[in-house]
Amino acid sequence: MKVIYTDSLVIGGGLAGLRIAIASRQRGYDTIVLSLMPAKRSHSAAAQGGMQASLGASIKGEGDNEEVHFEDTVKGSDWGCDQDVARMFVNTAPKAIRQLTAWGVPWSRVRKGDRQVVINGKKVTITEKGEAHGLITSRDFGGTKKWRTCFTSDGTGHTMLYAMDNKAIELGIPVHERKEAIALIHEDGVCYGAVVRDLVTGELLAYVAKATTIATGGYGRLYAVSTNAVISEGIGTAIALETGVATLGNMEAVQFHPTAIVPVGILTTEGCRGDGGLLLDKEGYRFMPDYEPDKKELASRDVVSRRMTEHMRKGKGVPSRYGDHLWLDITLLGKEHINKNLREVKEICEYFLGIDPVKEYIPVRPTQHYSMGGVRTKPTGESPNLKGLFSAGEAACWDMHGFNRLGGNSVAETVVAGMIVGEYVADHCAATTLNINTKLIEKFVRREENKIMNLLNRDTGENPFELRKEMQDIMMDKVGIFRNGDDLAKAVEELKVLNQRAKNIALRNRIASSNPELVEAIRVPKMIRLAQCVAYGAMLRTESRGAHAREDFPERNDRDWLKRTLTAWPSEDADLPEVAYEELDIMKMEMPPGSRGYGVDNTVHHPDTEKRVARIEEIKTANPDADRFEMQELLNPIEIPEKFKGKNERTGRGFK
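Computed from a prediction, not measured in an experiment: that's the story for all the values here. Each chain has its residues counted from 1, following the order in which its sequence is written. Owing to the predicted nature of the model, reporting of local features is limited to residues with pLDDT of at least 70; listing and counting of side-chain atom pairs is limited to 80 or more, with chain, interface and lining totals taken over all residues. By convention in this description, side-chain values take in all heavy atoms of the structure and omit both hydrogens and water.

Caption draft 1: Quick peek at unusual backbone geometry. A cis amide bond links V262 to the next residue, P263, at an omega of 10 degrees. Backbone geometry at D188 places phi at a positive 50 degrees, although glycine is not the residue there. The backbone of K296 shows a phi angle near 55 degrees, a positive value even though the residue is not glycine. Locating K296 in the fold gives a position in the loop between α7 (288-291) and α8 (301-316). Numbering of helices and strands runs from the N terminus; a helix is a DSSP stretch of H or I covering at least four residues, while a strand is a stretch of E covering at least two.

What follows is the structure, encoded as structure tokens:
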């Protein structure tokens, strides 16, 4: 049994994982990153559109600040987020983007003078101020009051990931590639590291650490069609669930992106619509203004996805052998703009569809895209149930996004959460003495060895690939963009059966090394349990909030459901998770619940909402001279690492 010791173990080599590793390494702690692949190939590279930070440099972002970004984020979450975390995030995001600049990210910049843009389907001229020339510019994204999304063409994630990985290399942080964590080592409410499988040799290793961070991304591949990379299977989240101690938060909150290409589901960035692209039906009619006359194509992602689905249900979709779809029209943006700012989109259309988006419409429809749920953490990023276990990025329910995230907030979260949680990881390393009996390590390694040997020695049983396909079809058909009680109940029952069948997987290829079938056999039972967390949580939540849309319960019910779903799987023999709820305290909210501004407001209000609104007015009346920074401290004082507490400077306004 080989044991590798370190201070900080980071599971996942994307933006969030690398940023946490950098933070702990800069504080002087030995750090190891585990990655399924070379870090520069992580799914973070697929983020096209941009990163939100309230710099306010471009003319259409003028007047933006932390308060506006905070309001957009809370509204976008449908009041399901942790407002302390949202405040930490918006205050730190401008610092994160400027740090990335220093590390080499070539952000697109403001050019003074006139330039043509497309707004609401029409070409208009805007004039950028001379004082902003050369500063980081921004584009429009859904659900925001200001143009806030900073970008590098449509390859933002690519440039960010390369700069981040280069910084990790500069600091000498080892990335152990082709390694997969398959179980967490824990005892008496403390996490001590992970059992890790070498994907090439099949060897099992024990990585023991003071702090273990899960940053493995989302669980999009629970669905048959997803914009996520094939490695986004939620395994990091699943091994936390399998401890029986750590809880997952809001697993039913799954976002569908409006514009994935048909049929393969590859993403075309929100930047297409942010830059002026339009959604059209089979008759070439622009339909979004009929549903959302204010924000139109730039309503929040969950809203646009539902409106598109509603429109196709009315028979307005474009028929194809892959099912109905709609059109995304970016031809009006022109060849020069597309070649410069939407280059990846153009290449995707050419390679996968054989069309030129400069001249032709792009076939799109809503597709699973993002997981708001994940390992439940405190604002520090640490699990409240399992000491020493941290999580960040899409793998975590930190909980910045609540039940829906704004475009551009996720790639921003990877870095901002990495900065903030990374400091708390380093603090934990400083305060912790590693004290573990090797018998405990051996117990977990032997347990995983036995599971693998059972798979390799079983003569007959289930095919893991078939189980996976059945699970994905269940999730796609019954736990999709619109949900109802009957379908969800069927999904839960069908997943119960799959969970039992998954205990009897047998392999055709019985070798321990370089065996994709064995990898699948290890992962699929974990994925089925995650799917059950999503389906069961969705069945129990009898309301509609953000991306969780119940056709049989269309109201957002703050009175009964203003709470976070917590799931745990304490029994190996169980077919269902244990579900509990964490109340969101309105009386501590900086921004009490209100209307998102989309469609008819059918909210069932909480009795404390009016009380909190009245209390906030009392505080404002009693402090008439307080500036926005002082008022924020009065309404919602937050804890944040000292190095990130400073104010953010903006053009023409200094630190105001």
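Caption draft 2: Spotlight on the sheet that holds strand β12 (residues 254-261). Pairing between two strands is assigned when DSSP locates at least 2 bridges connecting them. Strands sit in the order β12-β15-β14-β13 across an open sheet of four strands; the sheet is antiparallel. With one partner strand each, in any of the chains shown, β12 and β13 (278-280) form the two edges of the open sheet. Strand-to-strand twist of the sheet, defined as the mean angle between neighbouring strand axes without regard to direction, takes the value 45 degrees. With three bridges connecting them, strand β14 (residues 326-329) and strand β15 (residues 362-371) associate as antiparallel partners. Counterpart to L326 in the pairing with β15 is V364. Docked against the sheet, helix α10 (residues 343-353) engages β12 and β15, running at close to 110 degrees with respect to β15. Fitted lines through C-alpha atoms give the axes, limited to the stretch in contact for helices. The angle between two N-to-C directions lies from 0 to 180 degrees. The contact definition used throughout considers only heavy atoms, calling two residues in contact when any of these lie within 4.5 Å.

Caption draft 3: Spatial organisation of the pairing of strand β4 (residues 113-119). Two strands pair when backbone bridges link them, and β4 and strand β5 (residues 122-128) are joined in this way by seven bridges, in the antiparallel orientation. What sits directly across from D114, in β5, is T127. What sits between the antiparallel neighbours β4 and β5 is a turn of two residues, in which N120 has the positive phi angle 55 degrees.

Caption draft 4: Looking closely at the nonpolar core. To form a nonpolar core, buried Ala, Val, Leu, Ile, Met, Phe, Trp, Tyr and Cys residues must be joined to one another through side-chain atoms within 4.5 Å. Exposure is judged per residue with a 1.4 Å probe applied to protein chains only, and the accessible area is read against the type maximum: over 50% gives exposed, under 20% gives buried, and values in between give partly exposed. Core analysis: the largest hydrophobic core is formed by 78 residues, its most contacted members being L184, I185, I214, L222, M471, V479 and V534. It is helix α15 (residues 516-540) that provides the largest number of residues to this core, a total of 13 residues. Setting aside anything within four residues of it in sequence, one finds L222 in contact with E233, M471, Q472, M475, M527, L530, A531 and V534. By size, the runner-up hydrophobic cluster in this structure holds 60 residues, among which are I20, A163, W398 and V411.

Caption draft 5: Spotlight on helix α1 (residues 15-26). With twelve residues, α1 ought to run about 16 Å at 1.5 Å a step, and its terminal C-alpha atoms sit 16 Å apart, in line with that. Among the twelve residues of α1, ten are classified as buried, and the element is accordingly described as predominantly covered. Taken residue by residue, α1 has L15, A16, G17, L18, R19, I20, A21, I22, A23 and S24 as its buried positions. Lining the buried residues of α1 we find β1 (2-11), β2 (31-35), α3 (83-102), α4 (156-170), β10 (204-214) and α11 (409-431). Of the residues one or two after α1, G28 is the one with positive phi, at around 95 degrees. Every helix has an expected span of 1.5 Å times one less than the residues it contains.

Caption draft 6: Representation of the sheet that holds strand β16 (residues 374-376) in the model. The strand order across the open sheet formed by five strands is β18-β16-β11-β19-β20, and the pairing between neighbours is mixed. Edge strands, defined here as strands with exactly one partner in the open sheet, are β18 (396-397) and β20 (578-583). Set on the sheet, α15 makes contact with β11 (248-249), β19 (563-568) and β20; between it and β20 the angle comes to about 60 degrees.

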